Amino acid sequence: MSFVIRREEIPHFSRHVISKGYALFAPVKGEYRHVFRRIGENQVEEISLNYVRTTMPPLKTLLIPPRETLFRIKDGRIEETLPDPNSRTAILGVHPCDVNAMNLLERVYMDRPKDPYFEARRKNLLVIALNCKNSDEYCFCTSLGTGPSLEEGFDLLLTDLGDRFLLEVGSKRGAELVGDFYMPQATSVDILEKNDVIREARNSIRRHVNTAGLQRLMTGALYNPVWNELAEKCTGCGACNMVCPTCFCFNVVDEPELDTGGVLRKRTWDGCLLWEYAEVALGGNFRRDLSARIRQFVNHKMNYWLNQYGSLGCVGCGRCIEQCPAGIDITRVVARLRGETP
Amino acid sequence: MLENPYIPVFAKVVSVRNENSTTKTFTLRMVNGGAMRFRPGQFDIVSCFGVGESAFSICSSPEEKDVFENTVRRVGRVTTALFNTKPGDVLGVRGPYGKPWPLEKAAGNDLILIAGGMGLAPLRPVIHYVARHRDLYGSVDILYGARTPGDMIYTYEFDSWRNIPNTRLYLTVDYVPPDVSWEHDVGVVTELLRYVKPRMRYTTVFICGPEVMMKFASQMLLRIGFYPSEVYLSLERRMKCGVGKCGHCQIGYKYVCKDGPVFNMEEIGLLPDVIE
């Protein structure tokens, strides 16, 4: 089932989503670039669907918040602090690479034993995705089959046709949401136009990574001098980990709650590029050298994920390349290991 | 309600035993009356609320259902907080986690247990299990090394281990302080292998200790003719969840918490970052 929604109706539609009881998140123009924000009923006009990439991955940030309380312990009792099972969240305007990254996070967090915090949030999340119309020099989703268009994993899917959007329904929940929102049905002309948009977006992508035989290549290159060379440039800041939509590692800390006398056990995002990540007692550290930490990051995405979860762990969103202060480029690392570039 | 793998259950400290100046063994009992049903080689994660969690080998006899034990060396914040607990104090416990030593697979074989320092902790349940099921295994050789005689743990059980039929305990230390008497070996634990005449293809080796010690021990075993598939190591890594989510314990594509901590040498032979 597909519909057509005029561009100027997006705020009205967003208000409709909010009126159905969803907390709505959508991209707005931030000070420097687009950011995903909670949208109140009076802010729907601010929604801006004309963006290529946000710095932070929106779905990971929603489903696994950077800081999250696991439970509170107070007066000898443990209070579970699970997300409200009745809350409903909708995210509007997420690109295919980010939706595919969420599908990868599901493999980690829904693997048994399931992570109940992720599960509760995922169950209550309605995904209104947005196919890509534009790309930039960092995008390489086409190499990984994760964009620029989406085939599954959405409730509703928008494609920007200029003056209007094609809106495709991907789930029962999505159908329910649009059931009482009047939109004309799409025609074959709209579908053909969508195909043109996707084709153009696909052709605009200039960055590629060759994934043929990648696992064998990476495993064979574990002791390649490239890792040492990269360590000369890398600062170990972990920005790549923080902006990666599939990086799922977390640290766990106890925090005293000064007003109640209780303790909160929290988890916070962690990253394998950080020195402390593999540190153990008595000063031991299994990845003391930056070269080992870079190798871990690249191999986890491009090699180990396949054994662990059945697909590569990269969606080609380009964030790690864009944000690296040292200019390290995961696609170029692979190309160097292939001997394709110096 | 959803099952929550991060929430510990309460366990009460029943007693605390001094092993040496930096190491204590805590005997714990579940507050809810439940049991820690574990197999030798598995670990648990102990919470000191307000300080944090750490993973420890469960080191008591697996047959003991009522209480269980963790041997803890004071090395950081959580272990220091644990050291300050007294009988009656309540801690949080999760587990057991991980893959145990392959005691079923090794049945009928001789066993060589090689431990360095604190590495004796996950092997102690093996020794207790073998003592209880003595006819399941052939000869048992326990090789244990520590820095000094005073660094050894479970010394009060050594005599009873020596009294297990067809079982020998060999001890070595790196260094004997001047005022200490020591009638055993001095040197690295791998040198104790010269006392053992393994029946090749009928012997299984379990090793736990500092990673560098495991590296030398396993290399020597391969040199004298063991197959990698006959040698098992118990690895240590930073762990935050114990259930394959937090990512910290990964070695290559393996998670130490759920694919290990006990690994066959064959499994880990080609993985990176194994030995520091």
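Note that this is a predicted model, so its numbers are computed, not measured.

### Some details on the domain arrangement of chain B
Residues and elements named next belong to chain B. Once the domains are mapped, chain B shows domain 1 (9–97) and domain 2 (103–268). If you average the C-alpha positions of domain 1 and of domain 2, the two centres end up 21 Å apart. Counting residues at the interface gives 26 residues for domain 1 and 27 residues for domain 2. Buried area between domain 1 and domain 2, both sides added, is near 2,000 Å², and the carbon and sulfur share of it is 55%. The tally of links between domain 1 and domain 2 comes to 3 salt bridges. In this structure, Glu-69 engages Arg-124 in a salt bridge whose closest nitrogen and oxygen atoms are separated by 2.8 Å. Across the contact surface, domain 1 and domain 2 share 10 residue pairs in polar contact (both at pLDDT 80 or more). Listed by contribution, the elements that provide at least two residues to the side of domain 1 that touches domain 2 are strand 1 (9–20), strand 2 (23–30), strand 3 (43–48), strand 4 (52–57), strand 5 (68–73) and strand 6 (90–97). It is strand 5 that contributes the most residues to the side of domain 1 that touches domain 2, 4 residues altogether. Taken together, the residues that form the side of domain 1 that touches domain 2 break down as 10 nonpolar, 8 polar and 8 charged.

### Section: the sheet that holds strand 15 (residues 262–264) of chain B
All names here are of chain B. Spatial strand order, 10-9-8-7-11-12-15: 7 strands in an open sheet with mixed pairing. Looking at which strands have only one partner, the edges of the open sheet turn out to be strand 10 (185–186) and strand 15. Across 6 bridges, the pairing between strand 7 (residues 110–116) and strand 11 (residues 203–208) is parallel. Looking at strand 11, one finds that Ile-112 is bridged to Val-205. In this fold helix 2 (residues 124–132) packs onto strand 7, strand 8 (140–146) and strand 11, with an angle of close to 155° to the strand it touches most, strand 7.

### Notes on the packing of helix 8 (residues 226–233) of chain A against helix 12 (residues 330–337) of chain A
What describes two packed helices is the angle between their axes and the distance between those same axes. All names here are of chain A. Running from N to C, helix 8 and helix 12 point in directions that differ by 150°, and their axes come no closer than 11 Å. Relative to helix 12, the element helix 8 lies roughly antiparallel. Of the two elements, helix 8 crosses helix 12, and the hand of that crossing is right-handed. Contacts between helix 8 and helix 12 involve Val-226, Trp-227, Glu-229 and Leu-230 on the former and, on the latter, Val-333, Arg-336 and Leu-337. Residues that form the contact of helix 8 with helix 12 fall into these classes: 5 nonpolar, no polar and 2 charged.

### Let's talk about the interface of chain A and chain B
Taken together, the contact pairs 48 residues of chain A with 43 residues of chain B. Surface buried jointly by chain A and chain B totals about 3,800 Å² across both partners, of which 55% is contributed by carbon and sulfur atoms. Ranking the residues of chain A by area buried against chain B places A:Phe250, A:Arg265 and A:Phe286 at the top, with a combined share of 16%. Across the pair B:Arg238 and A:Glu279 runs a salt bridge whose closest N-O atoms are separated by 4.0 Å. The interface formed by chain A and chain B contains 25 residue pairs in polar contact (both at pLDDT 80 or more). For the side of chain A that touches chain B, the secondary structure elements donating two or more residues are strand 4 (67–74), strand 5 (77–80), helix 3 (96–109), helix 4 (116–123), strand 10 (250–257), strand 11 (262–269) and helix 10 (290–309) of chain A. Looking at which element gives the most residues to the side of chain A that touches chain B, the answer is helix 10 of chain A, with 8 residues. Looking at the side of chain A that touches chain B, its residues break down into 24 nonpolar, 8 polar and 16 charged.

### Here's the deal with the packing of aromatic side chains
Counted according to the given criterion, the structure contains 17 aromatic pairs over all chains. Here the aromatic rings of A:Phe36 and A:Tyr51 are separated by 5.9 Å at their centres, their planes lie at 80°, and the arrangement is edge-to-face. Placement of the pair is A:Phe36 in strand 3 (residues 34–39) and A:Tyr51 in the loop between strand 3 and helix 2 (58–63), with a sequence separation of 15 residues. Comparing A:Phe36 with A:Tyr51 shows no difference in burial state: the two are buried. Among the aromatic residues, those joined into a ring-pair cluster are A:Tyr109, A:Phe118, A:Phe248, A:Trp305 and A:Tyr309. The ring of A:Phe250 is capped by A:Arg267, whose NZ or CZ atom sits 4.7 Å from the centre of that ring. Seen from the ring of B:Tyr227, B:Arg201 lies directly overhead, with NZ or CZ sitting 3.6 Å from the centre.

### Overview of the sheet that holds strand 3 of chain B
Residue and element names in this part refer to chain B. The 6 strands lie next to each other as 4-3-6-1-2-5, forming an open sheet whose pairing is antiparallel. Sheet topology places strand 4 and strand 5 at the edges, where each strand pairs with a single neighbour. Within the sheet, the average angular offset between the axes of one strand and its neighbour, ignoring direction, is 40°. Strand direction decides the pairing type here: strand 1 and strand 6, joined by 4 bridges, are antiparallel. Its bridge partner being in strand 6, Phe-10 is matched across the sheet by Gly-92.

### Quick notes on the nonpolar core
Soluble globular proteins: nonpolar side chains tend toward being buried together. In this structure, A:Phe13, A:Leu167, B:Ile114 and B:Ile207 are the most contacted members of the largest nonpolar core, which totals 135 residues. Broken down by element, the residue count for this core peaks at 8 residues, all from helix 3 of chain A. In this structure, B:Leu103, B:Leu120, B:Met152 and B:Phe206 belong to the second largest nonpolar core, which totals 32 residues.

Calculation rules
Residues numbered from 1 in each chain as written. Chains lettered and ligands numbered in written order. Predicted model: local features only at pLDDT ≥ 70, side-chain atom pairs only at ≥ 80, totals over all residues. Heavy atoms only, no water. Domains from an automatic or database assignment. Contact = heavy atoms within 4.5 Å. Buried area = accessible area lost by both parts, 1.4 Å probe. Salt bridge = Lys/Arg side-chain N within 4 Å of Asp/Glu carboxyl O. Polar contact = N/O pair within 3.5 Å; in protein donor to acceptor, adjacent residues only side chain to side chain. Helix = DSSP H or I, 4+ residues; strand = E, 2+ residues; numbered from the N terminus. Nonpolar A, V, L, I, M, F, W, Y, C, P; charged D, E, K, R; others polar. Pairing = 2+ DSSP bridges. Axes fitted to C-alpha atoms, helices over the stretch in contact; angles between N-to-C directions. Parallel < 35°, antiparallel > 145°, perpendicular 65-115°, else oblique. Left-handed = near helix turned anticlockwise from the far one by under 90°. Phe/Tyr/Trp six-rings, centres within 6.5 Å; stacked < 30°, edge-to-face > 60°. Buried < 20%, exposed > 50% of the residue type's maximum accessible area, 1.4 Å probe, protein only. Lys NZ or Arg CZ within 6 Å of the ring centre and 35° of its normal. Core = buried A, V, L, I, M, F, W, Y, C linked by side-chain atoms within 4.5 Å.

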